[in-house]
Amino acid sequence: MYVLFLATRYLRSLWLTYLAVGMVFAGVFAMLVVLSVMWGLEDFTRRTLRGPLSDVIVSRPHGLRMDETGVLCGRIRAVAGVKAAWPVVEGAGLIRQGSYSRGVQIYGLDYADPEASRELRRFVEAKRKKAVTWPPSSTDGAAVFLGEHLDIGEEGDEVDFVTAAESPSYSPTPTMPSVSRVSGKVAGRFLSRSYWEDAMGVYLPLAQAQRLFRLNHPPCANRLHVRLADGIDDRAAAIAIQDALGPDYRAMGWSRIAAQQVEMLAVENQIIAVIMAFMIVLAGFGILAVLNMQVTHKIGEIGLLKALGGGRLGVAGIFLLSGTAIGLVGASLAVALGLPFLHHINGVNAWLMSTLGWEGFYMARAYGTDGIPVLIRPGAVVAIAGGAVLASALAALWPAWRATRLHPTEALRNG
Amino acid sequence: MARPVLEGKGLEKSFPSGAGPVKVLRGVHLSVEAGEFLPILGVSGCGKSTLLHCLGLLESPDAGEVVLDGRPASSTGAAEQAHLRNARIGFIFQAFHLSPELSALENVMLPARIARSGSSWLGARREILARAESLLDRVGLTPRAAHRPAQLSGGERQRVAVARSLMNRPAVLLADEPTGNLDSQSGEGIIRLLEDLAKEGAAVLVVTHNEALGRRARRAVRMTDGLLTEGI
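Keep in mind it's a predicted model, so treat the numbers as computed, not measured. (Residues numbered from 1 in each chain as written. Chains lettered and ligands numbered in written order. Predicted model: local features only at pLDDT ≥ 70, side-chain atom pairs only at ≥ 80, totals over all residues.)

Caption draft 1: Broad picture of the pairing of strand β8 (residues 223-228) of chain A. Residues and elements named next belong to chain A. Buried residues dominate β8, accounting for five of its six residues. Looking at chain direction, strand β1 (residues 56-59) and β8 are connected through three bridges and run antiparallel. Its bridge partner being in β8, V58 is matched across the sheet by L224. In terms of strand pairing, strand β2 (residues 82-97) meets β8 through six bridges, oriented antiparallel. Residue pairing in the sheet places A84 in a bridge with R227 of β8. (Buried ≥ 20, exposed ≤ 12 C-beta atoms within 10 Å, placed from the backbone. Helix = DSSP H or I, 4+ residues; strand = E, 2+ residues; numbered from the N terminus. Pairing = 2+ DSSP bridges.)

What follows is the structure in structure tokens.
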């Protein structure tokens, strides 16, 4: 009982205690805020990198046509962890408006399939900054969506698409490509945040894309896109799908397609986490210094406690509890203030920009985000706060050991 | 003859120094009964305090044994010695040694806090508080119960220390120069208090170089060259 009582009194008596609490607070708060923003950026960038890609993409060598997509999609859906699968027509072509033309990457999707069109719908809503009616009306012809930065066509304009399509079927003799053309009406723009997609990407209804790439006799596709359940590893799922479809098909997870950027982001965040962890270590050294000073300051009282019958464990417990309490209070304050801060970080940024005339964070300009992206990982919050408390308790070990080593009569004489 | 509460049997103690070990206690024999007030006289540095520390289980003798309540005490483990110091021995120091963060009342209650774990403390808190208040009342410090040591005079601090030493109803009170830092009036008050405690049944050992104290006690011992002699 006296351990808790004296630890509290000793802590309150030394103003340096508040400095130590402040150091833990600063370390945990900074780590929480910086890592949550970095994870937010990572998440945002991963989504941006992914663009219109789904979790796993299935194709055939040389872009050959995939018949019986319904059967294939059924086999894919039977694989564990697969949520949905749908056919896509994808290829390069030209968009023309009058005499002006541009090279584009064309995606053909079934707009009526909510899984197939989920990302496109999200991109369109991102551009319009509001919910849209889906699927788009096709009464005036094929509804076409153009990337935000594609400098051709306005909403409502008629545009043509042209490809020089070879026969998508295998032929032992070379064939000459022939021009194929379809028309459509610009239904709107989309914003994927991937500059390449927003400058080059075009979405067409699946039937128009099949006609354009001559995949309509019978209707087929040259890609199958797959969506996985949350938490399923795309690379492992790709291997399972490959096994289910056999060697004539190639399944690849999106993170393998964008492997370099994804791994770069992960490594970058790991390095930042390690650097930030040093702040916690620094706070631990602060606690060690404060408690060590307290032991020196309290030599006489430690001697008295031993004279009054305080055991080694009790005396050590006072300082171990003090260190743990410093960590606990500092980390709790940091979490209690850090989470609301992260919740309102864009408001704070806006306030800084408007009140102080400061330009705030350059997130929007540098990353193309609407604000500072934040991703709070509850497990990480617990790990950061728990790590800080553990570091504080460890930092108290040396002062506690020193206190137990003091001889009572010497401590009473020198105190 | 009453059975002794505290005995020192052939106590020897030496401390290292640059010129070799200094032998401070050279086979000291001492026996104190319940209700006895025993001054230990001697010049500074003769080993009085070392003897008191050995008897109070704060120092381990190099040879010999301290016997408390008829049982060997100095040869037991550190935890048992800590328990005996808490339950059977009360200490009063020349420098008071009060905790500056605690009030007079909290200082008095400290030995009881040390003796109890969380649940037993909570169960006995009212009783402990009442005893601490009555002890402060006994030393005439009820109005100063909430004061910190820094707000008390030297005499008042020593009276708080006496009240603290009585908290766990010890069998033995060990006072090391209890009047050394006090004026004569305050010192006299403390000595009378200790004499009263002896009359109530505690064995009180007082280390002092005050010859007058030796004369007014029924029995006194003198320490010379690491050995005790009876009488002054």
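Once you've had a look at it, read on.
Caption draft 2: Looking closely at the interface of chain A and chain B. The interface is formed by 18 residues belonging to chain A together with 24 residues belonging to chain B. Secondary structure elements with two or more residues in the side of chain A that touches chain B: α1 (2-13), α10 (299-307) and α16 (408-414) of chain A. (Contact = placed C-beta atoms within 7 Å.)

Caption draft 3: Spatial organisation of the pairing of strand β8 (residues 203-207) of chain B. Residue and element names in this part refer to chain B. Of all five residues making up β8, five are buried, and the element is well covered by its neighbours. Neither face of β8 is exposed, since A203, L205 and V207 on one face and V204 and V206 on the opposite face are all buried. Strand direction decides the pairing type here: strand β7 (residues 172-176) and β8, joined by five bridges, are parallel. Across the sheet, residue V172 finds its bridge partner in β8, namely A203. In this view, the connection linking β7 to its parallel neighbour β8 by way of helix α6 (residues 184-199) has right-handed handedness. (Right-handed = clockwise from strand over helix to strand, strands pointing away.)

Caption draft 4: Layout of unusual backbone geometry. In this model, W134 of chain A is joined to P135 of chain A through a cis peptide bond whose omega is 0°. Along the chain, P135 of chain A turns up in the loop between α4 (118-128) and β4 (143-147). The amide bond that connects H217 of chain A to the next residue, P218 of chain A, takes the cis arrangement and shows omega of -10°. Positioned with a positive phi, R169 of chain B is a non-glycine residue whose angle comes to about 50°.

The analysis is restricted to geometry; functional conclusions fall outside its scope.
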